[in-house]
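Residues per chain are reported as follows:
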Amino acid sequence: MKILLSTDSLKGYGLNRVCEFAKDAGFDGIDLQIEPKDFDTQNAEYLKELEQEYGLQVISIQTPKNANKKKILEYVELTKIVGAKILILQAPKVFNIKFTTWLKTEVPKIRKKESISIALENAPATTLFGFIPEHAMNNLAELKKFKHACLDTSRTADRKEDLIVTLKKLMKYLVHVHISNVKKGRGGHLPNDGILPMESFLTKLSEEDYKGAISIKVKPKYLKIGQDEELAKQLQDSIAYCKKYLTK
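Remember, it's a predicted structure, so these values are computed and weren't measured experimentally.

Conventions and cut-offs
- Residues numbered from 1 in each chain as written.
- Predicted model: local features only at pLDDT ≥ 70, side-chain atom pairs only at ≥ 80, totals over all residues.
- Heavy atoms only, no water.
- Salt bridge = Lys/Arg side-chain N within 4 Å of Asp/Glu carboxyl O.
- Helix = DSSP H or I, 4+ residues; strand = E, 2+ residues; numbered from the N terminus.
- Buried < 20%, exposed > 50% of the residue type's maximum accessible area, 1.4 Å probe, protein only.
- 1 Å grid on protein atoms, 1.4 Å probe; cavity = no way out; pocket = protein on both sides within 12 Å on 5 of 7 lines; lining within 4 Å.
- Points joined across faces, edges and corners; volume = space filled by probe spheres on them.
- Nonpolar A, V, L, I, M, F, W, Y, C, P; charged D, E, K, R; others polar.
- Contact = heavy atoms within 4.5 Å.
- Pairing = 2+ DSSP bridges.
- Phe/Tyr/Trp six-rings, centres within 6.5 Å; stacked < 30°, edge-to-face > 60°.

Undergrad: Would you explain the pattern of salt bridges in this entry?
TA: Side chains that differ in sign of charge can pair as their charged atoms come close. Inspection of every chain in the model, using the stated rule, returns 18 salt bridges. When the shortest N-O distance is used, the salt bridge between Glu-77 and Lys-80 registers 3.2 Å. Note that Glu-77 and Lys-80 are positioned in helix α3 (residues 69–82) at a spacing of three residues, about one turn of the helix. Owing to a relative accessible area of 37%, Glu-77 belongs among the partly exposed residues under this scheme. Salt bridges here are not isolated pairs; linked through shared partners, they connect Asp-8, Lys-11 and Glu-35.

Undergrad: Looking at this model, I keep getting lost on empty space enclosed by the protein. Mind explaining?
TA: It is a probe the size of a water molecule, rolled over the atoms, that shows where empty space is left. Overall, the coordinates contain one cavity of 30 Å³ or more when judged by the stated rule. Volume-wise, the largest cavity comes out at about 60 Å³. What lines the largest cavity is Leu-15, Cys-19, Ile-30, Leu-32, Leu-47, Leu-50, Glu-51, Leu-56 and Val-58. Taken together, the elements giving at least two residues each to the lining of the largest cavity come down to α1 (15–25), β2 (29–33) and α2 (44–54). Counting residues per element, the lining of the largest cavity draws most heavily on α2, at three residues. Taken together, the residues of the lining of the largest cavity break down into eight nonpolar, no polar and one charged.

Undergrad: Quick question: what am I supposed to make of the environment of Ala-123 here?
TA: With respect to the helices, strands and loops of the structure, Ala-123 is situated in the loop between β5 (117–121) and β6 (127–128). For Ala-123, a relative accessible area of 2% corresponds to the buried category. Once the C-alpha coordinates of Ala-123 and Lys-160 are considered, the two residues, 37 residues apart in sequence, prove to be 13 Å apart. Contact partners of Ala-123, with chain neighbours within four places excluded, come to Ala-91, His-135, Asn-138, Arg-155 and Arg-159.

Undergrad: Whenever I open this one, the side chain of Ser-6 confuses me. Can you help?
TA: By the secondary structure assignment, Ser-6 is in strand β1 (residues 3–6). In contact with Ser-6, other than residues within four places in its own chain, are Asp-31, Gln-62, Ser-215, Ile-216 and Lys-217.

Undergrad: Can you walk me through the pairing of strand β9 (residues 174–179) in this structure?
TA: In regular strands, side chains alternate between the two faces of the sheet. β9 sits mainly inside the fold: six of its six residues count as buried. Where strand β8 (residues 149–152) meets β9, four bridges bridge the pair, whose relative direction is parallel. Bridge assignment links Cys-150 to a residue of β9, and that residue is His-176. Here β9 pairs with strand β12 (residues 213–216) via four bridges, running parallel. Note on β12: the bridge partner recorded for His-178 is Ser-215.

Undergrad: Can you help me understand the layout of surface pockets in this one?
TA: In this structure, the largest pocket spans a volume of roughly 970 Å³. Lys-65, Gln-90, Pro-124, Arg-155 and Lys-217 are the residues nearest the centre of the largest pocket, which is lined by 36 residues in total. Top element by residues in the lining of the largest pocket is helix α6 (residues 153–158). It accounts for three residues. Taken together, the residues that form the lining of the largest pocket break down as twelve nonpolar, twelve polar and twelve charged.

Undergrad: Looking at this model, I keep getting lost on the packing of aromatic side chains. Mind explaining?
TA: Each aromatic ring pair is summarised here by two numbers: the centre-to-centre distance and the angle between the ring planes. Summed over all chains, the structure comprises three aromatic pairs. On the numbers, 6.0 Å between centres and 15 degrees between planes, the contact of Phe-99 with Trp-102 is stacked. You can see Phe-99 and its partner Trp-102 sitting in helix α4 (residues 97–114), three residues apart, about one turn around the helix. Accessibility classification places Phe-99 together with Trp-102 in one group, the buried group.

So, in structure tokens, the structure goes:
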């Protein structure tokens, strides 16, 4: 099982520095968050150069929220060129019915044709007018229907869902995990800093022989951004913590 670093965790650093941190800390690969205004994240040739320079493959690519059909097709091509294994989509907005239908009907065909995993990530718990879910395809049943699922642990907690129960229900469909913890009611903390049953979660992944990757995706404000030595230690400690419980 590979442990990846999400580039979103080190927002503020360039991709070159993110790859340097990832290599030095001992990550197995990169989980690339596409940033619409950061063209380096969409430049296949540059990404391949970074893979060569640091010996770290881009294993997964995360699409930004509000990506449309045209952009997703572009990201599919990027995934193929870079050689990534997984493209992670965000749930569509609830009133974007045409796009939702396209995701449900056409993405499985693209997945089969291109032989890449295109996964849907569990949606945030955000609402419109205080009671209407902001996103369509926002429950476990929809994730199962999509066949390939990505689980964000902090989002699960935000939705007041039991992490271990959710994992058991999704295990058959799970291809990627974004791992972070919750502390004082706020998600996006380091895996070893919070109230979620992370030890049990990681142990369960190992026991079930989970074949996908886990990506450490935390909010930069909970890292020692700009303090390179302290940041490096945080990343190393996170890997050590995950490996401790992922080892059978």
